[in-house]
Amino acid sequence: MTTSTVIVEDAAYFQPAHAARIADLVDFAAIDLATRGLIKVTDAGALDREDAGDWLSSLLCRRIEHRNSPSEHLFVDVTTHRAIRLVLVRCDTGESMIYMAQTPGIGTETDFYQQLVDATRSGERPGVS
């Protein structure tokens, strides 16, 4: 058996009910987005990373839940309950086509997808000087 030095942040404040509400929020977003049409996007490449949720949360100063597989990403804003789904079609040439669906916003607020893309443009990428 090996030991790990993983630090659990806010472990003293962990509340199972809160975790369940977030899990439900993510599940409902996934169901909703599965029924929405996809549009091709060309500026989402920076979002295709395993640590995107933590990275975007730090850039936007609010919690962004992220679930991913090799061909999809789901981002859910825990504060506004808005979500986007990215579907990646990877080609043998190494290029990817990315399609996006998002939940509708309210009023004149910038759409959630655009907020994420703008955050990646303004944020520093880890390991890049």
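Placed above this text is the structure.
Residues numbered from 1 in each chain as written. Predicted model: local features only at pLDDT ≥ 70, side-chain atom pairs only at ≥ 80, totals over all residues. Heavy atoms only, no water.

J.: Explain the nonpolar core to me, using residue names and the numbers behind them.
T.: Generally speaking, soluble globular proteins have nonpolar side chains that are buried together. Within the largest apolar cluster, 18 residues are counted, with the highest numbers of intra-cluster contacts made by Leu 47, Leu 56, Phe 75, Ile 84, Leu 86, Tyr 113 and Leu 116. For this core, the secondary-structure elements that each account for two or more residues are α2 (52-60), β4 (83-90), β5 (96-102) and α3 (112-122). Per-element tally for this core: the top contributor is α3, with 5 residues. Counting 10 residues, the second-largest nonpolar core is a separate cluster that includes Ile 22, Val 76, Val 78 and Ala 101. (Core = buried A, V, L, I, M, F, W, Y, C linked by side-chain atoms within 4.5 Å. Buried < 20%, exposed > 50% of the residue type's maximum accessible area, 1.4 Å probe, protein only. Helix = DSSP H or I, 4+ residues; strand = E, 2+ residues; numbered from the N terminus.)

J.: Describe unusual backbone geometry, naming the residues involved and giving the relevant values.
T.: The backbone phi angle of Cys 61 is positive, close to 60°, even though this residue is not glycine. Relative to the assigned elements, Cys 61 resides in the loop between α2 and β2 (64-68). Here the phi dihedral of His 81 falls at roughly 65°; this positive angle occurs in a residue that is not glycine.

J.: Go over the pairing of β2 with me, naming the residues and quoting the values.
T.: The pairing of β2 with strand β3 (residues 72-77) spans 5 bridges and is antiparallel. Paired with Asn 68 across the two strands is His 73, which belongs to β3. The turn linking β2 back onto β3 is made up of 3 residues. (Pairing = 2+ DSSP bridges.)

J.: Any details on the environment of Leu 38? Residues and values, ideally.
T.: Examined against the element boundaries, Leu 38 turns out to sit in the loop between α1 (16-34) and β1 (39-41). Leu 38 gets classed as partly exposed once you look at its relative accessible area, which sits at 38%. In the structure, Leu 38 is positioned 64 residues away from Gln 102 in sequence and 8.5 Å away in space, judged by C-alpha atoms. If near-sequence neighbours (up to four positions away) are discounted, Leu 38 is found in contact with Arg 85, Val 87, Tyr 99, Met 100 and Ala 101. (Contact = heavy atoms within 4.5 Å.)

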